[in-house]
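The lines below spell out each chain.
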Amino acid sequence: MHGLVNRAIEGFVRDSYGADAWREVTRRAGLEVSSFEPMLTYDDKLTEDILGAIVHHLGKPRDEVLEDIGTYLVSHPNLEALRRLLRFGGVGFVDFLHSLDDLPGRARLAVEDLELPRLELREHAANLYSLVCRSPHHGFGHVMMGVLRALADDYGALVLLEHGEASGDCEVIYITLIESAYSKGRAFDLGGRAALG
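Draft legend 1. How the structure looks around the pattern of salt bridges. Inspection of every chain in the model, using the stated rule, returns nine salt bridges. Salt-bridge contacts for Arg-14 lead to Glu-10; the nearest nitrogen and oxygen are separated by 2.9 Å. Placement of the pair is Arg-14 and Glu-10 together in helix 1 (residues 3–17), with a separation of four residues, close to one helical turn. By relative accessible area, which is 33% here, Arg-14 ends up partly exposed. Take Glu-10: its relative accessible area is 3%, and that puts it in the buried class. Between Glu-24 and Arg-27 there is a salt bridge, with its nearest N and O atoms 2.6 Å apart.

Draft legend 2. How the structure looks around the layout of surface pockets. There is about 1,200 Å³ of room inside the largest pocket. Counting only elements with at least two residues in the lining of the largest pocket, the list comes to helix 1, helix 3 (44–58), helix 4 (62–75), helix 5 (80–87), helix 7 (103–110) and helix 8 (140–155). The leading source of residues in the lining of the largest pocket is helix 1, at nine residues. The residue makeup of the lining of the largest pocket, split by class, is 28 nonpolar, nine polar and eleven charged.

Draft legend 3. Examining the nonpolar core more closely. Grouped together as the largest cluster of nonpolar side chains are 49 residues, with contacts concentrated most on Phe-93, Leu-131, Met-144, Leu-148 and Ile-175. Looking at which element gives the most residues to this core, the answer is helix 8, with ten residues.

Draft legend 4. Focus on helix 4. With 14 residues, helix 4 extends 20 Å from end C-alpha to end C-alpha; this agrees with the ideal 20 Å at 1.5 Å per step. Residues of helix 4 that are buried: Val-65, Leu-66, Glu-67, Ile-69, Gly-70, Tyr-72, Leu-73 and Val-74. Elements that come into contact with the buried residues of helix 4 comprise helix 1, helix 3, helix 5 and helix 8.

Draft legend 5. Spatial organisation of the pairing of strand 2 (residues 128–134). Burial analysis of strand 2 places five of its seven residues in the buried class, which makes it a mostly covered element. Across seven bridges, the pairing between strand 1 (residues 118–125) and strand 2 is antiparallel. Within strand 2, the residue paired with Ala-125 across the bridge is Leu-128. Linkage of strand 1 to strand 2, two consecutive antiparallel strands, is achieved through a turn of two residues, within which Asn-127 is found at a positive phi near 70°. Alignment of strand 2 against strand 4 (residues 170–179), held across seven bridges, turns out to be antiparallel. Bridge pairing links Val-132 to Val-172 in strand 4.

Draft legend 6. Summary view of the confidence of the model for the chain. Taken residue by residue, the chain gives an average pLDDT of 85. The fraction at 70 or more is 88%. In the model of the chain, helix 7 stands out as the element of lowest mean pLDDT, 71, in contrast to helix 2 (residues 19–29), which has the highest, 96. In the model, residues 192–197 has pLDDT below 50 throughout and makes one contact with residues more than four positions away in sequence or in other chains.

Draft legend 7. Layout of the packing of helix 2 against helix 3. Put simply, helix 2 and helix 3 touch, their axes get as near as 8 Å, and they point 125° apart. The angle between helix 2 and helix 3 places the two elements in the oblique class. Like other packed secondary-structure pairs, helix 2 and helix 3 cross with a definite hand, here right-handed. In this structure, helix 2 contributes Ala-21, Trp-22, Glu-24, Val-25, Arg-28 and Ala-29 to the contact, and helix 3 contributes Asp-49, Ile-50, Ala-53, Ile-54, His-56 and His-57.

Conventions we followed
Residues numbered from 1 in each chain as written. Predicted model: local features only at pLDDT ≥ 70, side-chain atom pairs only at ≥ 80, totals over all residues. Heavy atoms only, no water. Salt bridge = Lys/Arg side-chain N within 4 Å of Asp/Glu carboxyl O. Helix = DSSP H or I, 4+ residues; strand = E, 2+ residues; numbered from the N terminus. Buried < 20%, exposed > 50% of the residue type's maximum accessible area, 1.4 Å probe, protein only. 1 Å grid on protein atoms, 1.4 Å probe; cavity = no way out; pocket = protein on both sides within 12 Å on 5 of 7 lines; lining within 4 Å. Points joined across faces, edges and corners; volume = space filled by probe spheres on them. Nonpolar A, V, L, I, M, F, W, Y, C, P; charged D, E, K, R; others polar. Core = buried A, V, L, I, M, F, W, Y, C linked by side-chain atoms within 4.5 Å. Expected span 1.5 Å × (residues − 1). Contact = heavy atoms within 4.5 Å. Pairing = 2+ DSSP bridges. pLDDT = per-residue confidence, 0-100. Axes fitted to C-alpha atoms, helices over the stretch in contact; angles between N-to-C directions. Parallel < 35°, antiparallel > 145°, perpendicular 65-115°, else oblique. Left-handed = near helix turned anticlockwise from the far one by under 90°.

Here it is, written out as structure tokens:
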């Protein structure tokens, strides 16, 4: 697993629950270091051990923890750069959805050896979509549920999300767009320029 993934999981615990919680998680997982290096690669089992320790520590289902991690990736101030990368997908939530097929390629432009799961958006009817997530790592669909929920809020869209049953390396998220301009959403400037006063 890429170190950036593990570092994001570490950041989620530290920022959401504190340094003591992270120490307890690393102790339970048998981690020999106290922090992950973002540009190293780690054994997938280590990531699973860390996730198992987080689930135990928080007393929450694994799927819920993964969704919380996805929400954290988009909404926490420490990860504004990731939010910006995702928001470059379009000016509205539907534009963003249609950009998801290209997300793994955009991520590789930033970090060449970062392999994200393959994503495929399917449009079934007006305002009804499904997102197919293909990954050997079970649970990425739940991370994407958190990302989608947070980005919908970010864009001011009202959506219903449902995680379908996983089959092999495939997870499907069903997306119903109820209203694309439900609320104001968070301010975002594609140019990244601060307002001049």
